[in-house]
Each structure stands twice: as C-alpha cells, then as structure tokens.
Amino acid sequence: MRASILVHSFRSAVLREKSTNPSSILQTRSISAYGYTQSKSLIYSTYGTPSEVLNLHTHSISPPHGSLVTLRTLAAPLNPADINQIQGTYPSKPTFSTALGTSQPAAVPGNEAVFEVQAVGSSVKTVKQGDWVVPARTGLGTWRTHLQIDEDQVMRVERQGLQPAHAATVTVNPLTAWRMLTDFVHLEPGRDWFIQNGANSGVGRAALQLGKLWGLKSIAVVRDRPGQEGERLKKELLDLGATRVVSEEESQTGEFASQIKTWMSESGTSGSAVRLALNCVGGKPAVALAKVLAPGGCMVTYGAMSKQPLSLPAGLLIFKNLRFEGFWVSKWGDEHPEDRRKCIGGVLDLVREGKFTMGPTMDVRWDFKTPKEGLVTAVQDTLEGYRKGKGMFVFGDT
Ligand SMILES: NC(=O)c1ccc[n+]([C@@H]2O[C@H](COP(=O)([O-])OP(=O)(O)OC[C@H]3O[C@@H](n4cnc5c(N)ncnc54)[C@H](OP(=O)(O)O)[C@@H]3O)[C@@H](O)[C@H]2O)c1
C-alpha cells in the first residue's frame, strides 16, 4: 500500500468542519490547520483472540498527492473471515508493517467497507471528493476511521439511493451467493431447487433472495432456536424468499428426503430435483444436505462455521456421483475483476429497486472519542452464535 503518513502532534490545531454534503452521515471531520487528517485504526501485531490482540492506534495522514486518495470510512462490517484473520486461521494473511507509525509491525483488520472520498491527489482520475468507494479487492484493512491509498485500490459506487450499510456489505456476501447459484450447476427456473445450511447468514439471505428473483425453489436450513424465536426466524426467511425453512435437526431425520419429495409434488413441477447445495457449516449439517442432492448434483462449500470436518459416506460419491466443490470470493474477484464490478453493480441496482435487502445488522457507533474497549468488545462478541445481525462499525463524528 502506498500510504503517505506523517506522525503529527498538532491535535490542538484540529478544526471541526461541517460536511459539505448534508445527505452524508458525516457530520464533522478532524482536519488540522495544516491539512492533516487524524485517523484511528484498530490494529494487531500478533495473531490471537481479538480481545487480547487488538489495540487502537492514532496517526496523522498528510494531504494526498499524485494518485493518492484520502478516504473517510462510513461503515465497515465485522465478517467471520475478519475474525479468522485476526486469529491467524485464515489462508490469506495481512501485511504487518510500521507504515502507520506503530512501534511493532501491525496490521489493520477488516476486508469490507464503504468510504467517502475526502481529498484526492492532483493526478487522480477515477474518483472525486464526496464519492463513495469500496475496496477493489479484499485485504485492505478497513477497521479505521480514515486511510490513504492509491486510487486503483478502490472502486467507485453510485451512492444514489443507497445507505452506507448497503455499499459496505456488497462486495462479499451477495457476490458469493450470486456466483455459487450461477457458476456450478445450471438451475432451471421454475423447476430446480437448491438447499443451504447457515441460511440466515449474510450469504444465505442473499442466496434466498436471488434464488427467488431467478425463479428457483429453495430449502433453508437454520440452527434451531427455542420457542417463538425459531418460528420468527422461519417466517422471516420465508418472507425473504425461501420456499421451505427447516431446522438442522429436521434436516437430519430419516424422513427429510421424502418430505422434500412431497414439497416438490405440491409445487406442481414434474422433474424437480435438488441439484445444488450450499454449505457454510460442515459436519453433520453438511452431510444432511449431500444426502438429499439428486444424482449428479453439486455441493459447494464456502465456510465451516461449526469447525467440524466434512466426512462423507462413500455411497454418495459411488452411486450418486455427487460433485463437491469449493468457492472463495476473494480469489474469484481477483481473477474476474470485470465480472466482480458488474455483479456489484447488479446487486446495488436490485437494492435501489427495492428487490434486495442486506441482512440485519448490529451497529456499533465509532466516533473519534470512542474508547478502544467498546470497539474491541464488539469484535469479540461476534464470536457468539445466535446473534440478531451482523456486527457493523458505523462511523459518526470522526
Ligand atoms: N468462501 C467465501 O468466499 C465466503 C464469502 C462470504 C462468507 N463466507 C463464509 O460463510 C460463512 C457465513 O458468513 P456470513 O458473513 O454470511 O455470516 P454472518 O452473516 O456473519 O452470520 C454467521 C452465520 O453463521 C452461523 N453459525 C455460527 N456458528 C455456527 C455453528 N457452530 N453452526 C452452524 N452455524 C453457525 C450463524 O447462525 P446462527 O444465527 O444460528 O448463530 C449465522 O447464520 C462464514 O463461514 C464465512 O467465512 C465465505
């Protein structure tokens, strides 16, 4: 990353400037009399439990020159992969460096966000002040109030009709769902079904909505909740686009396959079959999906939330010739930048048309004065299951 950063101690000279754009959530900015921006970043220097390894670091960013842009973060989600990266268990590792003026080499967590362009260098061509941009690829380090990078590290998104949370979560989950539904098997609208576990996750919710828009029937498998909460979640996912919603326990009973056949005959389509399974859980919930796939069907694994291995009965391969594939949106995006751009545009158009919603969020406000503890606790809390939404840093008075 080409970052132009000078550690600067003129905090007393900080001016509070009113945002020029009233529609922005940005109310004030910390910009010094000398044009320096004060930035706060969550950082880590060693892998481990988030509450033990994360720190809050302050540094100054000088005015941008050349092709550099200074960005102000508006919203940044807390995705499972971000946590795995901090724990050191994620395959792509961050770059640890002293570029932010830290005493130890450090990395900034976070892979997704939407930023507002605060200032641009003299040769910047693709964005201007006030534009919204998202990372051009994963690995940027987004859990910080401001950053300065080259313009080619971001992609402009048309902000009209969007909330920051829409743009902040468009580059990972909806794209993952979109590609998995289109790139592995041909699903015939009005006839074919797909099944998925972790169906109330961000990816799962995206798949339910896209599936419905594209005329596909779907079975959503979720972890059961006690009492009313379980029923409420089932209704929510049915409203979102699922054809049927079942608990993990229900999907593991001997009657599940015949239950699906009954649903198919009720749906009135001859030749229906479950041809695609999307697995982000692993263990028994994954085997349950494989067992109801039609011969020649495909299971795409994209996560392992239960941390259990995928142990498959050999008969599923010998007699049903099932295919088992994996998908990683980071790699796909790097290899298909133009398709990635089109997909992001496609999802945001659906949002503007009111046909697609991002999942529920649990917002954590991040102001300039927000103490480290509040931020770190929010990150640590994402390790708990059965949450009401995805953690999201929402930046206020920074
Ligand atoms: N390969 C890729 O390119 C790619 C892209 C995006 C996401 N992912 C992966 O997909 C998964 C979901 O990510 P997300 O951002 O969509 O999730 P999210 O919105 O943050 O939600 C987390 C989901 O995980 C479920 N979960 C947590 N612990 C579980 C367990 N022990 N057993 C079963 N389910 C469990 C939660 O279910 P409850 O509500 O029941 O707790 C919830 O549905 C993660 O593994 C993530 O790393 C992969």
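Procedures and definitions
Residues numbered from 1 in each chain as written. Predicted model: local features only at pLDDT ≥ 70, side-chain atom pairs only at ≥ 80, totals over all residues. Heavy atoms only, no water. Helix = DSSP H or I, 4+ residues; strand = E, 2+ residues; numbered from the N terminus. Rg over C-alpha atoms; globule rule 2.2 N^0.38 Å. Contact = heavy atoms within 4.5 Å. Areas by Shrake-Rupley, 256 points an atom, 1.4 Å probe, with all protein chains shown as cover. Lys, Arg positive; Asp, Glu negative; His and termini not counted. Charge placed at Lys NZ, Arg CZ, Asp CG, Glu CD. Near = heavy atom within 4 Å. Polar contact = N/O pair within 3.5 Å; in protein donor to acceptor, adjacent residues only side chain to side chain. Nonpolar A, V, L, I, M, F, W, Y, C, P; charged D, E, K, R; others polar. Domains from an automatic or database assignment. Salt bridge = Lys/Arg side-chain N within 4 Å of Asp/Glu carboxyl O. Buried < 20%, exposed > 50% of the residue type's maximum accessible area, 1.4 Å probe, protein only. Core = buried A, V, L, I, M, F, W, Y, C linked by side-chain atoms within 4.5 Å. Pairing = 2+ DSSP bridges. Axes fitted to C-alpha atoms, helices over the stretch in contact; angles between N-to-C directions.

Asks: What exactly am I supposed to notice about the overall build of the protein here?
Replies: For the protein, the count of helices and strands is 13 helices and 17 strands. Here the protein has a C-alpha radius of gyration of 23 Å; the compact-globule value for 398 residues is 21 Å, and the two agree. Summarising its shape, the C-alpha atoms of the protein cover approximately 70 × 40 × 40 Å along the three principal directions. Long-range pairs, those at least 24 residues apart, make up 74% of the contacts in the protein between residues at least 6 apart in sequence. For the protein, the exposed area adds up to about 17600 Å²; of that, 52% sits on carbon and sulfur atoms. Side chains of the protein carry 44 positive and 36 negative charges; the gap between the two charge centres is 1 Å.

Asks: So what exactly am I meant to see when it comes to the site of the ligand here?
Replies: Contacts to the ligand come from 25 residues, most closely from N200, R225, V329, Y386 and K390. Within the side chain of N173, one N or O atom sits 3.2 Å away from an oxygen atom of the ligand. Contact distances for the ligand include 2.9 Å between a nitrogen atom and a backbone N or O atom of Y302. For the ligand, whose unbound accessible area comes to 920 Å², protein coverage reaches 85%. Listed by contribution, the elements that provide at least two residues to the shell around the ligand are α4 (173-183) and α5 (202-213). Among the residues forming the shell around the ligand, the class breakdown is twelve nonpolar, nine polar and four charged. Built from parts of two domains, the shell around the ligand gets at least three residues from each of domain 1 (11-169 + 358-395) and domain 2 (173-330).

Asks: What am I meant to see in the environment of L233 here?
Replies: Within the fold, L233 resides in helix α6 (residues 227-240). Separated by eleven residues in the primary sequence, L233 and V222 place their C-alpha atoms 8.7 Å from one another. When residues no more than four places from it in sequence are discounted, the contact partners of L233 are N200, R205, V222 and R225.

Asks: Could you clarify how one ought to interpret the pattern of salt bridges in this entry?
Replies: A pair can form between side chains of opposite charge whenever their charged atoms are brought close. This model, assessed by the stated rule, comprises 19 salt bridges. A salt bridge links E250 to K234, with the nearest nitrogen and oxygen atoms 3.1 Å apart. Of this pair, E250 sits in helix α7 (residues 248-251) while K234 sits in helix α6, and the two are 16 residues apart along the sequence. Under the relative-accessibility criterion, E250 is labelled partly exposed at 36%. The shortest N-O distance in the salt bridge between K235 and D239 comes to 2.8 Å. With K235 and D239 both in helix α6, this residue pair falls four residues apart, about one helical turn. For the pair shown, K235 and D239 are each scored as exposed. Each member of the salt-bridge network shares a partner with another, and the members are K128, D131, R156 and E158.

Asks: Explanation requested: the nonpolar core in the structure shown.
Replies: The tendency in soluble globular proteins is for nonpolar side chains to be buried side by side. Counting 45 residues, the largest nonpolar core has L276 and L278 as its most contacted members. For this core, the element with the most residues is helix α12 (residues 337-352), which contributes six residues. Taken domain by domain, this core gets at least three of its residues from each of domain 1 (11-169 + 358-395) and domain 2 (173-330). Once residues lying within four places of it in the same chain are set aside, the contact partners of L276 are M180, L181, F184, V185, L187, W193, F194, I195, L293, C298 and V300. L42, Y44, V124 and V379 belong to the second largest nonpolar core, which has 30 residues in total.

Asks: Help me out: how do you make sense of the sheet that holds strand β15 (residues 323-326) in this one?
Replies: Paired through backbone hydrogen bonds, the strands of a sheet run either parallel or antiparallel to each other. Spatial ordering of the open sheet is given by β12-β11-β10-β13-β14-β15, a layout of six strands whose pairing is parallel. Sheet topology places β12 (244-247) and β15 at the edges, where each strand pairs with a single neighbour. The mean angle between the axes of side-by-side strands here comes to 20 degrees, regardless of whether they run parallel or antiparallel. Against the sheet, α6 makes contact with β11 (217-222) and β12, and its axis sits at roughly 150 degrees relative to β12, the strand it touches most. Contacts from helix α8 (residues 256-266) reach β10 (193-196), β11, β12 and β13 (274-279) within the one sheet, and its direction differs from that of β12 by about 165 degrees.

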